[in-house]
Amino acid sequence: MSMTLASPVLDSKTPDGPVADKWDNFKANEKLVNPANKRKFKIIVVGTGLAGASAAATLAELGYQVDAFTFHDSPRRAHSIAAQGGINAAKNYRGDGDSVNRLFYDTIKGGDFRSRESNVHRLAQVSVNIIDQMVAQGVPFAREYGGMLDNRSFGGAQVSRTFYARGQTGQQLLLGAYQQLARQIGLGNVRLFNRTELVDVVTIDGRCAGIVTRDLMNGEVTSHAAHAVVLATGGYGNAFFLSTNAMACNVTAAWRAHRRGAFFANPCYTQIHPTCIPQSDDFQSKLTLMSESLRNDGRVWVPKMAGDTRAPADIPEDERDYYLERLYPSFGNLAPRDISSRAAKRAVDNGQGVGPKQNGVYLDFADAIGRLGADVVRERYGNLFDMYERITGENPYEVPMRIYPASHYTMGGLWVDYELMTTIPGLYAAGEANFSDHGANRLGASALMQGLSDGYFVLPYTISNYLAQWLNKSIPDTSHPEFAKIEAEARDRYHRLASSDGTRGPDWFHRELGKIIWDYCGMERTEAGLDKALSEIPALYEEFRRDLKVTGGEFGLNQTLEKAARTEDFFELGMTMCRDALERRESCGGHFRAEYQTEEGEALRDDENFAHVSAWEYTGDATQPTLHIEPLVYEEVSFQTRSYK
Amino acid sequence: MSTTLKNLTLKIWRQDGPNGAGRFDTHVIDEITDEASFLEMLDILNEQLIENGDEAVVFDHDCREGICGTCSLMINGQAHGPERATATCQLHMRKFSSGDTIVIDRSAFDRIIESGGFITAATGGAPDANLIPVPKPVADAAMDAAQCIGCGACVAACPNGAANLFTSAKISHLNLLPQGQAERYQRVENMVETMDEYFGSCTNHGECEAACPKEISIDMIALMNSDYRKAKVKNRKALSRT
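Just so it is clear, the model here is predicted, and its values are computed rather than measured.

1. Here's the deal with unusual backbone geometry
The backbone of Asn472 of chain A sits at a positive phi, close to 60°, despite the residue not being glycine. By the element assignment, Asn472 of chain A lies in the loop between α12 (447-467) and α13 (481-498). The phi angle at Asn76 of chain B is positive, at roughly 50°, despite the residue not being glycine. Along the chain, the position of Asn76 of chain B falls in the loop between β3 (74-75) and β4 (78-79).

2. A word on the sheet that holds strand β11 (residues 270-276) of chain A
Residues and elements named next belong to chain A. Across the sheet, five strands lie side by side as β11-β15-β14-β12-β13; this open sheet has antiparallel pairing. At either margin of the open sheet sits one strand with a lone partner, and together these are β11 and β13 (320-321). Bridge count between strand β14 (residues 361-364) and strand β15 (residues 401-410): three bridges; the pairing is antiparallel. Paired with Tyr362 across the two strands is Arg402, which belongs to β15.

3. Some remarks on the sheet that holds strand β6 (residues 196-204) of chain A
Residue and element names in this part refer to chain A. The three strands are arranged β6-β7-β8 in an open sheet whose pairing can be described as antiparallel. At either end of the open sheet lies a strand with only one pairing partner, and these are β6 and β8 (221-225). Between one strand axis and the next, the sheet turns through 30° on average, direction left out of account. By the bridge criterion, five bridges tie strand β7 (residues 207-215) to β8 in an arrangement that is antiparallel.

4. Let's talk about the packing of helix α3 (residues 50-62) of chain A against helix α6 (residues 169-186) of chain A
Residues and elements named next belong to chain A. Relative orientation of the contacting elements α3 and α6 amounts to 35°, with a least axis distance of 8 Å. Two packed elements cross with a definite hand, and for α3 against α6 that hand is left-handed. Taking contact as the criterion, the partners of Leu50, Ala53, Ser54, Ala56, Ala57, Ala60 and Glu61 in α3 are, on α6, Leu173, Leu174, Ala177, Tyr178, Gln180, Leu181 and Gln184. By residue class, the composition of the contact of α3 with α6 is 10 nonpolar, three polar and one charged.

5. Some remarks on the nonpolar core
Counting residues in hydrophobic clusters, the biggest one holds 261 residues, and the most contacted among them are Val229, Val230, Leu231, Leu414 and Tyr428 of chain A. The contacts of Tyr428 of chain A, once residues within four sequence positions are left out, are Ala228, Val229, Val230, Leu231, Leu420, Met421, Thr422, Leu459 and Ile463 of chain A.

6. With respect to the interface of chain B and chain A
Counting from both sides, the interface comprises 69 residues of chain B and, opposite them, 67 residues of chain A. Secondary-structure elements contributing two or more residues to the side of chain B that touches chain A are α1 (38-51), α2 (107-114), α3 (136-146) and α5 (164-176) of chain B. For the side of chain B that touches chain A, the element with the highest residue contribution is α1 of chain B, accounting for seven residues. Looking at the side of chain B that touches chain A residue by residue, the class counts come to 30 nonpolar, 21 polar and 18 charged.

7. Things to note about the domain arrangement of chain B
Residue and element names in this part refer to chain B. Assigned domains of chain B: these are domain 1 (4-95) and domain 2 (107-241). Placing the centre of domain 1 and that of domain 2 at their C-alpha centroids yields a distance of 31 Å. Each partner contributes to the interface: domain 1 provides 13 residues, whereas domain 2 provides 10 residues. Of the residues belonging to the side of domain 1 that touches domain 2, the class tally is seven nonpolar, six polar and no charged.

8. Quick word on the pairing of strand β2 (residues 22-33) of chain B
Residue and element names in this part refer to chain B. The element β2 is largely exposed, with a buried count of one among its 12 residues. Sheet topology places strand β1 (residues 4-15) next to β2; 11 bridges connect them, and they run antiparallel. Bridge assignment links Trp13 to a residue of β2, and that residue is Phe24. Hairpin geometry of β1 and β2 is characterised by an intervening segment of six residues between the two adjacent antiparallel strands and by a positive phi of about 80° at Gly17.

9. Brief notes about the environment of Ser127 of chain A
All names here are of chain A. Along the polypeptide, Ser127 turns up in helix α5 (residues 117-136). Spatially, the C-alpha atoms of Ser127 and Pro625 are 35 Å apart, while their sequence positions differ by 498 residues. Beyond its immediate stretch of four places on either side in the chain, Ser127 contacts Asn88, Ala89, Ala90, Leu103, Met449 and Ser453.

10. Comments concerning the domain arrangement of chain A
Residue and element names in this part refer to chain A. Splitting chain A by domain gives domain 1 (273-407) and domain 2 (481-631). Once you take the C-alpha centre of each, domain 1 and domain 2 turn out to be 31 Å apart. With five residues of domain 1 in contact, the opposing surface of domain 2 contributes five residues. Looking at the side of domain 1 that touches domain 2, the element that brings in the most residues is helix α9 (residues 337-349), giving four residues. Along the lines of polarity and charge, the residues of the side of domain 1 that touches domain 2 split into one nonpolar, one polar and three charged.

11. So, helix α7 (residues 252-259) of chain A
Residue and element names in this part refer to chain A. Of all the eight residues making up α7, seven are buried; the element is thus mostly covered by neighbouring parts of the structure. Of the positions making up α7, those classed as buried are Thr252, Ala253, Ala254, Trp255, Arg256, Ala257 and His258. At the exit of α7 stands Gly261, carrying a positive phi of roughly 120°.

Cut-offs used in this document
Residues numbered from 1 in each chain as written. Chains lettered and ligands numbered in written order. Predicted model: local features only at pLDDT ≥ 70, side-chain atom pairs only at ≥ 80, totals over all residues. Helix = DSSP H or I, 4+ residues; strand = E, 2+ residues; numbered from the N terminus. Pairing = 2+ DSSP bridges. Axes fitted to C-alpha atoms, helices over the stretch in contact; angles between N-to-C directions. Left-handed = near helix turned anticlockwise from the far one by under 90°. Contact = placed C-beta atoms within 7 Å. Nonpolar A, V, L, I, M, F, W, Y, C, P; charged D, E, K, R; others polar. Core = buried A, V, L, I, M, F, W, Y, C linked by C-beta atoms within 7 Å. Buried ≥ 20, exposed ≤ 12 C-beta atoms within 10 Å, placed from the backbone. Domains from an automatic or database assignment.

Here you go:
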């Protein structure tokens, strides 16, 4: 098996100048489209989460014609809504030493020195504008009694820079962006296509010419032409089947673009969140996140003895292993996400797991309740305790919570340059769908920041730099034969899937696929395991092609058919993920290769050989994509080892 | 610890498309653990149906964390089922000792928001966030209203099919905040009038509040009515000046 390294290396189109001046330099030199000419351009935005809704609304305000697509019934359902904790911004309202440079550095370090410096600096710069914009739109952020904005602190930072709206920050930000989009829809500046899913991307003469979509209510496949297309279609965490993502989250839009020539970067960078409610039965559909903030007062432990099935209260203190406090004395129960997750996995793998399926660890509040009283604990975490009890039927005031890590966010995604353009000219990727800002690990409260940064303050500037060249030139419309060809391919695909007459539904295959990816490309990866995954996934894929059963027909609302198509794309993504994880022979952030660790079991980076972005080109065989490299050049910061001892 | 429910009988309302004739189909699940959520129970039923060559039951759902508002089931005659302040997706089988399901067209909610459920603030021109102080009690009250997930349970529970709780929650959220004052009266008029095009009238049954998974208070309806009444006077005055 040979790896092909294509040359030349990828050009990130990073502007000239010192890191702090790059964004200003870009804005000073980019091509603009004058206000009267903007209405001559049509832009398609796929996805209406934070990145998509904010981009569509802003582009429409600027005067472009915008078509927005969502597969949900309403733009407000996008999964951005589920984010709990908050959004970071370098406002320094606390006067505690925060600055744009501090947020920039924290994000680079949090990402384990695997992100693009210029993008991260821009993110930190525009973070302050996001808070201003959202407040102007009426997002009810938490306030102090004097009426000023409140902040909380979050992991990976020594300052308080996180803005929040109770435990529903994502919901309030999304509703803010959705309302701004709704205003543009009401004004007729945006046409909304709801319950419509992207099924392919059309390229003509080397540029993205539009998309092909399927109407989920009647199965009709249609074409849409535009000057530029933005994919803001989220991450691929549901590749694991069980994750904290919403049920409908999928990789289809990004993967279809990848199949048409967009490179896919760092697919092996996935984030596993340590505090989720463990799986309770084999039919479980998703995992629920319990906010990281619980670790401020909860103590994590497992029985010292493997296979101990006694009730937690019957296990005496000296037979308990408070392993985070033991292994990471200075950070204790607040050790970072990747480190806490791996420690929990080791305990469960040792047979020390707790609960009916022995698949969890305890998060115990007994000490906190003893010290602070149940009322204070209720005030701090009441809503989370209630949610836990609703799901598990156990009262965490009396019995310790059971938690276990779960897939939560994906740092990898479509490769984009500084202007957020993919390797297909005219096709952009924003938000979780791109790879650009979080490196190998994302910090808490930074996903919301990046989605809104891309949609509000980056794309609206960078897109004109591309569009300007097309002024008063004709572009192909949907009567072009390429649209007809790709439409026909999409119809054939859905026809083939709808006529699958094997014995098992798509969920069965998705679950089995997820188990393979979780076992071999989850929290800990090894060469042997990844090799195994790269033979097991194609074998299961063959079975999927042969034995899938889809009922309900090709036309009309058919959720089974939708799942079948999305599962098919997860199969190919899974193969490329494992290939990427295999070829990245180092450990960094969320990518932990057991062969590359320090004596203490921590991630061991190899900056000499792997300080680069791995961008994969589709070749027709997802297990053998072609690797392209973007070297990561650090001008402002220098490599350091992350330590949390 | 978990127990199982045997011979769970489901009577599910199904129809082929918005104009198709509807019917109740009966399905039996032999055994199900009470650890399963209500929607996982439907997943299991669907896998069973697909393997038998039958069409799966279509239902709306997404986040399964009670926040996105996509799920919309009437279970035993109650929107979101029997547990208070709980959306369908967080309801578990242990709360049962069976419902009609269907995908609902809730786009009228989007039309209401489009008519005024926003604060006009184009991207880019916002002043520093702390230049607009918001007293904590005001921010808290606005947040109480803003929690609405737009699921539509309030309309489903209302004998009149009124959307007053949904509409008033958005109006209250924005009209309480200082940023929302400029468009306050125009907003309430436009939104109430759009609401009236699609939905029935409120006669203060309070079923909406009881069904709401986010415990939105019907006080919001009083706030909306009060602003609507004022708007009728204010806007006439404004018009008379022109």
